[in-house]
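Summary of the model geometry
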Amino acid sequence: MSEIPKAYEPQAVEEKWYSRWLAEGCFTPDPASAKPAYSIVIPPPNVTGMLTLGHVLNNTIQDVLARRARMLGQEVLWLPGTDHAGIATQTVVERKLRKEEHKTRRDLGREAFLERVWEWKEKHGGIIIQQLKKLGCTCDWSRERFTMDADYSREVQAVFVDLYKKGLIYRGKRMVNWCPVSLTALSDEEVIMKAQNGWLYHMRYELVDRPGEFLEIATTRPETLMGDTAVAVHPGDERYKHLIGSHIWRPFPKARIPIIADEHIDPTFGTGVLKVTPAHDKADFEIGQRHNLELLDVIHPDGTMNELAGPEFAGMDRFAARKAAVEKLREMGLLVKEEPYQNNVGYSERADVPIEPRLSEQWFLKYPKVAESVEAVKSGAVQFRPERWAHVYDHWMQNIQDWCISRQLWWGHRIPVWYRKDHPDCVHVDIAPPTDPENWTQEEDVLDTWFSSWLWPFATMDDPTRAKFYPTTDLVTGPDIIFFWVARMIMAGYEFTGQAPFANVFFTGLIRDMQGRKMSKSLGNSPDPLDLIAKYGADGIRFGLLRIAPQGQDIRFDEKQIEEGRNFANKLWNAARFRQMHGPSAPEVQLAGLKLSSYSLDILAKLQELVSKLDAAYSEYRLNEAAQLMYDFFWSDYCDGYVEAAKTEIFSEDPAAKESALAVMDFVLSHFLRLIQPFMPHLAAELWTTLGFTAPKHGRDHLMYTAWPQSAGLLAGIEPERLALAAQRVAAVYESVRLARNLRAEVRIPSNKKVRFFLKPQPQWAAEESDTFARLVNAEAVALEAQYEPARGEPRVLTPLGELYLPLEGLVDASAESDRIQKEIAKVEAELATVRKKLSNANFVQNAPAAVVEEHTRREADWKEKLLQLQKMLQAFRA
């Protein structure tokens, strides 16, 4: 057993213990174990990713759950891995290629480009995994998976083939969300709607059969009018009924287009006349399908205008074309007016640019097992925490749309479909290519990244692992991917395994700055977690962040909270060091036969209560509450309360009393280190080992495998009545200490200055606690005098121990203090007069909000109480 150093150096301690855990295989479970299984799969971060505070929060929660499960005697698998992140990774490599070689991926060709991506992945990918190790995560790194691993890729392709043969996957030309930067289709879930302040443009189209007569049309996208193939009105709109079936001139390129009637037109929007551009708007596309309209695509995939838009617009960016189209309408006398208009515009989640509705040949999936997946959450087979997310999930599932699963990328799982060269309509769908590959061409597109990650809970496991650990126990994730990932995993679980993939889903909140803004590098409000770990230690950031993270609520991040986590680590370190200074600890404490003081009985009862409350908090996934419970117990109940009170016994001449107090310290510390281990694992392991504690274990000889304390039986042999009496006595002493300290403060006697109190003891046992009471209030003595006669005006307070007096002779300058109190009285009287003047004003009382009147009434009471206290103090100094 080594000596605990004076200062806690988290970096050295964390490096030491994490290396040891890795070397001894502490995180690797045994699928053949007879212990009950606990499993959790990590939400795979992008292989391009770097650690963020969101990752810290999410993975610390997972680690806490996994560590506690080990202590409960479960065989634990926490399976890690990374996602290939199709768009993000390809974008990074393409950008590097352009910058360093001035080439595009097409200059290299598909195979050569993919070799570059793999090279980049091997060199730079997975940095976040090393960063998670810095945090102390106990993932089974031997089972680390990557969504482009060969085995995993085969599973993804097999799923595609299976769903295709079941008729759930099909290819069709549909209107999709198109990202003009990433040059790929996006699912609806990858589009973020943002409110935009733009313009509503009113323009005139001339009637073909009535020269000089016009229809006024309102639009937010004049750059698409070159693709108009009709204008539409509601069939019941009396203003335009007579025009249905006639034609109108599209301004440019000039063309004769029909006026049609459609029930979906809103007569109240704009002028009630809609320009129909079937190739560039989802609603217009549906109208076009119903009326067999021409599809005229005037925008390139990259967002520039093509030749069909006309020579003056060809090659122009879509937003530049908007301005140019407005100017041309103005020149032609066809622009009626422009008015400010706010609407919601879909943005590409990845590229953060407005998406372009685009007609494209894509692969789609009809979701499987929808009904079963809805019922799973409704019945509680899968429990959402907080429960409110179940309603969001249900709404989406009830309105689910087919999933566009193809992406126009090269990096990803290439779709296992081949087209016969001489008969393109003849397709081969299988994991294996056709036996005569020279006659076939493989599909160029890859699968949406989420199509691989929806299989994550089971596709990451081999057969023995799956037999033991699937379905998994918990999933920890953000509500922002409830549709992308959570819902799809549930459907995949039922489709391919016949079971829900997990029992519980814990949704974390988003981390925001103190102004409520989302963290972002551009705002400069997103601290680097590695910097915080270097500054405060991994255990400091783990504990500090979880303590401010209410279940499912957004978090206002304040670095001071992380500093408090570090300070708590120091408090624990110093408390353990204080214990060691008074001799070696008992490896395993037995309370039987010890002479237990009221303070010892009280702290033991509070420890038992802590264990019980922690179990309840864990059962409801209230981890912030668990952190706060441990903080309050250790800082307030143990350090500020018990340790200070126990010093009376430790420094006494009674060996039995000292032995008892130190044994209770060992008992509390050994149990608390087990309780705090899931939150602050490195620190707990260091102190546990240094103090030489032992306890029953579930396998390996490490604190993380030590049995979790049980509240039942924790204090076996100690009568509950005895504990209750001790709690009452100690509460009375602590309350008396608080009142005594307030009494000192009222007369401005510094807390570090020794004073003398007189006490008229009330309960019979008060005399037994006088030494401890004197220590806690920093008194040189507390004289017990039932017949004490105080000087006139002497400060006094009624406490649970009796009436307490504080003689002031020799402690303060009576004259100076009297002057100070009089000045304070004058200020209080002025405040009291102000608030009373307001309350005496009938208009104020009748017209002001009730809360404001109530606040002024409260102020009056507070100032009156303050004035009474000051007047009593003044009497004491004038006596």
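Residues numbered from 1 in each chain as written. Predicted model: local features only at pLDDT ≥ 70, side-chain atom pairs only at ≥ 80, totals over all residues. Heavy atoms only, no water.

What follows concerns the overall build of the protein. On a plain count of helices and strands, the protein comes out with 27 helices and 29 strands. Expected size for 879 residues packed as a compact globule is a radius of gyration near 29 Å; at 37 Å, the protein overshoots this value by more than 25%. Along the three orthogonal principal directions, the C-alpha set of the protein runs to about 115 × 80 × 55 Å. Counting every position in the protein, which comprises 879 residues, the buried fraction comes to 53%. (Helix = DSSP H or I, 4+ residues; strand = E, 2+ residues; numbered from the N terminus. Rg over C-alpha atoms; globule rule 2.2 N^0.38 Å. Buried < 20%, exposed > 50% of the residue type's maximum accessible area, 1.4 Å probe, protein only.)

Now for the nonpolar core. Side chains of nonpolar character tend, in soluble globular proteins, to be buried together. One finds Phe384, Phe451, Tyr638, Ile676 and Phe679 to be the most contacted residues of the largest nonpolar core, which totals 202 residues. Counting residues per element, this core draws most heavily on helix H20 (residues 623-650), which supplies 15 residues. For Tyr638, the contacting residues outside a window of four places in its chain are Ala575, Ile603, Phe633, Val643, Met665, Val668 and Leu669. Counting residues in each nonpolar core, the second largest holds 29 residues, with Met203, Leu215, Val233 and Ala325 among its members. (Core = buried A, V, L, I, M, F, W, Y, C linked by side-chain atoms within 4.5 Å. Contact = heavy atoms within 4.5 Å.)

Attention shifts here to the state of the cysteines. Across all of its chains, the model carries zero disulfides by this definition. Just so you know, Cys139 is unpaired, no disulfide at all, and the nearest cysteine sulfur is the one on Cys137, 5.3 Å from it. Using a relative accessible area of 0% as the deciding quantity, one classes Cys139 as buried. The structure places no disulfide on Cys179, whose sulfur is separated from the nearest cysteine sulfur, that of Cys404, by 13 Å. (Disulfide = S-S within 2.5 Å.)

In this section: the environment of His280. On the secondary structure map, His280 appears in the loop between strand E12 (274-276) and helix H8 (282-291). Accessibility expressed as a relative area gives 3% for His280, which makes it buried. Between the C-alpha atom of His280 and that of Leu359, which follows or precedes it by 79 residues, the distance is 7.3 Å. With residues near it in sequence (within four places) discarded, His280 still touches Met175, Arg221, Thr224, Leu296, Asp297, Val298, Ile299, Glu356 and Pro357. Among the polar contacts made by the side chain of His280, one reaches the side chain of Asp297 at a distance of 3.3 Å. A distance of 2.9 Å separates a polar atom in the side chain of His280 from the backbone nitrogen of Val298. (Polar contact = N/O pair within 3.5 Å; in protein donor to acceptor, adjacent residues only side chain to side chain.)

Where strand E5 (residues 169-179) and strand E14 (residues 356-365) come together, 10 bridges link them in antiparallel fashion. Residue pairing for E14: Val176 is matched across the bridge by Arg358. Pairing analysis gives three bridges linking E5 to strand E6 (residues 184-186), with the strands arranged antiparallel. For Trp178, the partnering residue across the bridge sits in E6 and is Ala185. Connecting the antiparallel pair E5 and E6 is a turn made up of four residues, with Leu183 showing a positive phi of about 55 degrees. (Pairing = 2+ DSSP bridges.)

What follows covers the packing of helix H3 (residues 86-101) against helix H5 (residues 110-124). With their axes 10 Å apart at the nearest point, H3 and H5 run at an angle of 105 degrees to one another. Taken together, H3 and H5 sit at an angle that is classed as roughly perpendicular. Where H3 abuts H5, its residues Thr89, Gln90, Val92, Val93, Glu94, Lys96, Leu97 and Glu101 lie against Phe113, Arg116, Val117 and Trp120. Broken down by class, the residue content of the contact of H3 with H5 amounts to six nonpolar, two polar and four charged. (Axes fitted to C-alpha atoms, helices over the stretch in contact; angles between N-to-C directions. Parallel < 35°, antiparallel > 145°, perpendicular 65-115°, else oblique. Nonpolar A, V, L, I, M, F, W, Y, C, P; charged D, E, K, R; others polar.)

Now for the packing of aromatic side chains. Scanning all chains against the criterion turns up 45 aromatic pairs. The interplanar angle of 70 degrees and the centroid separation of 5.9 Å between the aromatic rings of Phe113 and Trp410 together place this pair among those described as edge-to-face. Residue Phe113 is located in helix H5, and its partner Trp410 is located in the loop between strand E17 (406-407) and strand E18 (417-420); the two are separated by 297 residues in the primary sequence. For Phe113, a relative accessible area of 0% corresponds to the buried category. Taking the relative accessible area as the measure of exposure, Trp410 reaches 7% and is therefore buried. Site record: aromatic cluster; members linked through ring pairs are Phe160, Tyr164, Trp363, Tyr367, Trp396, Trp403, Phe451, Trp454, Phe458, Tyr470, Phe483 and Phe496. Positioned above the aromatic ring of Phe214, the side-chain terminus of Arg204 is 3.9 Å from the ring centre. Taking the ring centre of Trp178 as reference, the NZ or CZ of Arg358 above it sits at 5.6 Å. (Phe/Tyr/Trp six-rings, centres within 6.5 Å; stacked < 30°, edge-to-face > 60°. Lys NZ or Arg CZ within 6 Å of the ring centre and 35° of its normal.)

This model, assessed by the stated rule, comprises 59 salt bridges. We note a salt bridge from Lys166 to Asp162, for which the minimum N-O separation is 2.9 Å. Judged by relative accessible area, which is 43%, Lys166 ranks as partly exposed. Judged by relative accessible area, Asp162 falls into the partly exposed class, the value being 27%. (Salt bridge = Lys/Arg side-chain N within 4 Å of Asp/Glu carboxyl O.)

Here we come to the environment of Ser142. Structurally, Ser142 is set in the loop between helix H6 (127-134) and strand E4 (145-146). A sequence separation of 62 residues divides Ser142 from Pro80, and the C-alpha atoms of the two residues are 9.0 Å apart. Within the structure, Ser142 has its side chain in polar contact with the side chain of Asp140 (distance 2.5 Å).

A separate point is the side chain of His856. Within the secondary structure, His856 sits in helix H27 (residues 850-878). The buried category is assigned to His856, whose relative accessible area is 10%. At 3.0 Å, the side chain of His856 forms a polar contact with the backbone oxygen of Val852. Apart from residues lying up to four places away in sequence, His856 is in contact with Val835, Lys838, Leu839 and Phe844.

Of all residues except glycine, most have a negative phi; of all peptide bonds, most are trans. The residue after Arg385, namely Pro386, is reached through a cis peptide bond having omega 0 degrees. Along the chain, Pro386 turns up in the loop between strand E15 (383-385) and helix H11 (389-398). Residue Pro471 is bonded to the preceding Tyr470 through a cis peptide linkage, with omega at 0 degrees. Locating Pro471 in the fold gives a position in the loop between helix H14 (463-469) and strand E22 (472-477).

Counted residue by residue, helix H17 (residues 538-547) has 10 buried out of 10 residues, so it is predominantly covered. Residues of H17 that are buried include every one of Ala538, Asp539, Gly540, Ile541, Arg542, Phe543, Gly544, Leu545, Leu546 and Arg547, and no others.

On to the sheet that holds strand E9 (residues 230-233). Pairing is mixed in the open sheet, where four strands are placed in the order E10-E11-E9-E12. At either margin of the open sheet sits one strand with a lone partner, and together these are strand E10 (247-250) and E12. Strand-to-strand twist across the sheet, computed as the mean angle between neighbouring axes with direction ignored, equals 35 degrees. Across three bridges, the pairing between E9 and E12 is antiparallel.

Here the focus is the packing of H17 against helix H22 (residues 681-691). Where H17 contacts H22, the axes come no closer than 7 Å and their chain directions differ by 120 degrees. Taken together, the axes of H17 and H22 lie oblique to each other. Of the residues in H22, those touching H17 at Ala538, Asp539 and Arg542 are Pro681, His682 and Leu683. Taken together, the residues of the contact of H17 with H22 break down into three nonpolar, one polar and two charged.

This next bit is on the sheet that holds strand E13 (residues 335-348). Across the sheet, which stays open at both edges, the three strands sit in the order E8-E7-E13 with antiparallel pairing between neighbours. Only two strands of the sheet have a single neighbouring strand rather than two, namely strand E8 (214-219) and E13. When strand polarity is set aside, the average angle formed by the axes of neighbouring strands in this sheet is 20 degrees. Pairing of strand E7 (residues 191-206) with E8, which is carried by six bridges, proceeds in the antiparallel orientation.

What follows concerns helix H18 (residues 559-581). Counted at 1.5 Å a residue, the expected span for H18 with its 23 residues is 33 Å, and the 33 Å between its end C-alpha atoms agrees. As for H18, its buried residues are in contact with helix H16 (529-536), H17, H20, helix H21 (655-676) and H22. In the segment just after H18, Gly583 is the residue with positive phi, at about 115 degrees. (Expected span 1.5 Å × (residues − 1).)

Here the focus is the pairing of E7. Note: E7 against E13, 13 bridges, orientation antiparallel. What sits directly across from Met203, in E13, is Leu335.

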